[in-house]
Amino acid sequence: MATIHVGSTSERSVTGIIRRRPLVSFFVLALGLSWVAWTPWILSNDGLGVWNYAFPQIFGTSQFTGMLFGAYLGPLGAAFVVTAVTGGRAGLRVWVGRLLRWRVAPRWYAVALLAVPLAVLSLGFLASGGQAQAPSLIAIALYVPALLLQMLTTGLAEEPGWRDFALPPLQERFGPLGAAAILGPLWGIWHLPLFLTEWGSWPDVTWLNVVEFVAFSALFNVVIMWLFNRSGQSLPIVMLFHVSLNNTVTVFWAEMFPTVGGDQLQHVLLIGAAVAAVVTIALTRGRLGLPAGWPVMGHRAPEAAKIAA
C-alpha cells in the first residue's frame, strides 16, 4: 500500500510558503497590502464617494494621508517581511546595503538628476510646438525641496521593494529582458486602484489612461533596470532617477507647457519611454547594463560590488 506523505506544519505555514515562493509571496503581499490599505481612501469622498468622509489634505492634496501608508505597507513592507523570513539578518543586511549604497561614481548622480528632467522638458518642447514658457522663480525654488520629499515618499515606498528586493532574483532566474517583462507590468498594475482616487483624476479617467500608464511603467522600468545594473545596484541612484520624473512633471510641466494637457502629457511620456526602452535594449543587446561576465540567465550572479560603477 502506498504511503501518503503529508507536508509538515512548518511547510504549510505562512512562513513556509514564503520560503518556498519568495518572489510570488512578495508580489502578492506588495499588491494585496497596498490595495487593502488604500480601500478607505478609495471609498471616501476623495475617490468613489461611497463613504461620506474626506481625508485631511496636506499641501492641497489628500495623497499624504490617504495613499502614503498603503504605499509604504506594500512594496517596502512586503520586501522587509519576505527578506526577514527567507534571509534573516544576513539577508536584511544585503537588502539594506543596496538602499545605503550612496558611494558610486559621480556620473551616475548626473544621470539620475539630469537625464529625466532634460528628456521630459525636451518632450514638452516638442509636444507644445516650441510654445514653452520659463518656469517661475517659485517653481525653481521648490524643485529641490520637492525632490527630497519625493525621495522620502515615492522613492522610499517603492524602490526598496520593486528594484532592491525583486529585481536581482528575477534577473538571475529569467535574465534581464524576462525580468523586465515581469516586473514592469506588475509595477504598473500595483497603481491600478489609485485611478479610483484623486491621484488618478477620478472620475475623469478612461481605460486608455489606465492602459497607457501600465505600458509606460513597463517601458520606463527597462531604463531603470539599466541604471540599477550599471550603478552597482545603488538604490539611492535609482530612487533619484525615478522621482526626478515625478518631480519634473509636478513642478514644471503645467507652468512651462500650459497648452499640453494631462492626456497629451501621458501620450508624450509613453512615446518617450518607448523610445528610451528600445534604444536601451538595442545598445545593451538586451543585457540592460549587466556586465559581459554575468550570465544572462540560469546561474547565480556575482556580488553587486563587482559591477563597474
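As the structure is a computational prediction, the values presented were derived from the model and not from experiment.

Draft legend 1. Spatial organisation of the overall build of the protein chain. Along its length, the protein chain carries ten helices and zero strands. Going from the N terminus to the C terminus, the protein chain shows its helices and strands as α-α-α-α-α-α-α-α-α-α. Relative to the compact-globule value of 19 Å for 309 residues, the protein chain shows a C-alpha radius of gyration of 21 Å, a close match. Principal-axis analysis of the C-alpha atoms places the extent of the protein chain at approximately 80 × 55 × 30 Å. Relative to its 309 residues, the protein chain shows a buried fraction of 46%. In the protein chain, the proportion of contacts linking residues at least 24 apart, taken out of those at least 6 apart, comes to 78%. Surface exposure of the protein chain reaches about 15,600 Å², of which carbon and sulfur atoms provide 70%. Put simply, the protein chain has 17 plus and 12 minus side-chain charges, and the middle of one group is 20 Å from the middle of the other.

Draft legend 2. Up close: the nonpolar core. Judged by nonpolar contacts, the single largest core of 70 residues is most densely connected at Phe26 and Trp162. Contributions of two or more residues to this core are made by α3 (22–43), α5 (68–99), α6 (106–127), α7 (137–190), α8 (207–230), α9 (235–256) and α10 (262–283). Ranked by residue count, the leading element in this core is α7, at 15 residues.

Draft legend 3. Representation of α6. Here α6 contains 22 residues, and its C-alpha end-to-end distance of 32 Å stays within 8% of the 32 Å for a straight helix at 1.5 Å per residue. Along α6, the sharpest change in direction is near 35 degrees and occurs at Leu114; proline Pro117 comes one to four residues later. Those residues of α6 lying buried are Trp108, Ala112, Val116, Pro117, Val120 and Gly124. Residues of α6 that are buried make contact with α7, α8, α9 and α10. Gly129 lies just past α6 and shows a positive phi near 65 degrees.

Draft legend 4. Representation of the pattern of salt bridges in the model. In this structure the tally under the stated criterion is two salt bridges. The salt bridge involving Arg98 is made with Asp164; its shortest N-O contact spans 2.5 Å. A residue pair is termed long-range when its members are at least 10 positions apart, and Arg98 in helix α5 and Asp164 in helix α7 qualify at 66 residues. For Glu159, the salt bridge goes to Arg163, with nearest N and O atoms at 2.7 Å.

Draft legend 5. Summary view of the environment of Ala134. By the secondary structure assignment, Ala134 is in the loop between α6 and α7. With relative accessibility at 68%, the residue Ala134 sits in the exposed group. With 47 residues separating them in the primary sequence, Ala134 and Ala181 have C-alpha atoms 38 Å apart.

Draft legend 6. Structural context of the packing of α8 against α10. For the pair α8 and α10, the least separation of the axes is 8 Å and the interaxial angle reads 35 degrees. For α8 against α10, the interelement crossing comes out left-handed. The segment α8 lies against α10, with Leu208, Asn209, Glu212, Phe213, Ala215, Phe216, Leu219, Phe220, Val222, Val223 and Trp226 engaging Asp263, Gln266, His267, Leu269, Leu270, Ala273, Ala274, Ala276, Ala277, Thr280 and Ile281. Taken together, the residues that form the contact of α8 with α10 break down as 16 nonpolar, four polar and two charged.

Draft legend 7. Broad picture of the side chain of Ser234. Its place among the elements puts Ser234 in the loop between α8 and α9. In terms of polar contacts, Ser234 uses its side chain to reach the backbone carbonyl oxygen of Arg101, at 2.6 Å. Not counting residues up to four positions away in its chain, the partners in contact with Ser234 are Arg98, Arg101, Val104 and Phe228.

Draft legend 8. Main features of unusual backbone geometry. The amide bond that connects Trp202 to the next residue, Pro203, takes the cis arrangement and shows omega of 5 degrees. Relative to the helices and strands, Pro203 resides in the loop between α7 and α8. Phi angles above zero are rare outside glycine, and Phe59 is one such case at about 55 degrees. When you line up the elements, Phe59 lands in the loop between α3 and α4 (63–66). Within the chain, Gln233 stands out as a residue other than glycine whose phi angle is a positive 55 degrees. Relative to the helices and strands, Gln233 is located in the loop between α8 and α9.

Draft legend 9. Geometry of the confidence of the model for the protein chain. Mean pLDDT over the protein chain stands at 89; residues scoring 70 or higher make up 90%. Per-residue pLDDT, averaged within each element of the protein chain, yields its smallest value for helix α1 (residues 9–12) (55) and its largest for α3 (97). When the criterion is pLDDT under 50, residues 1–9 qualifies, and its contacts beyond four places in sequence or with other chains add up to two contacts. Here residues 297–309 is a poorly scored stretch, pLDDT under 50, and it has 24 contacts once near neighbours within four places are set aside; other chains count.

Rules used throughout
- Residues numbered from 1 in each chain as written.
- Predicted model: local features only at pLDDT ≥ 70, side-chain atom pairs only at ≥ 80, totals over all residues.
- Heavy atoms only, no water.
- Helix = DSSP H or I, 4+ residues; strand = E, 2+ residues; numbered from the N terminus.
- Rg over C-alpha atoms; globule rule 2.2 N^0.38 Å.
- Buried < 20%, exposed > 50% of the residue type's maximum accessible area, 1.4 Å probe, protein only.
- Contact = heavy atoms within 4.5 Å.
- Areas by Shrake-Rupley, 256 points an atom, 1.4 Å probe, with all protein chains shown as cover.
- Lys, Arg positive; Asp, Glu negative; His and termini not counted.
- Charge placed at Lys NZ, Arg CZ, Asp CG, Glu CD.
- Core = buried A, V, L, I, M, F, W, Y, C linked by side-chain atoms within 4.5 Å.
- Expected span 1.5 Å × (residues − 1).
- Bend = angle between axes of the 7 residues up to and from the residue.
- Salt bridge = Lys/Arg side-chain N within 4 Å of Asp/Glu carboxyl O.
- Axes fitted to C-alpha atoms, helices over the stretch in contact; angles between N-to-C directions.
- Left-handed = near helix turned anticlockwise from the far one by under 90°.
- Nonpolar A, V, L, I, M, F, W, Y, C, P; charged D, E, K, R; others polar.
- Polar contact = N/O pair within 3.5 Å; in protein donor to acceptor, adjacent residues only side chain to side chain.
- pLDDT = per-residue confidence, 0-100.

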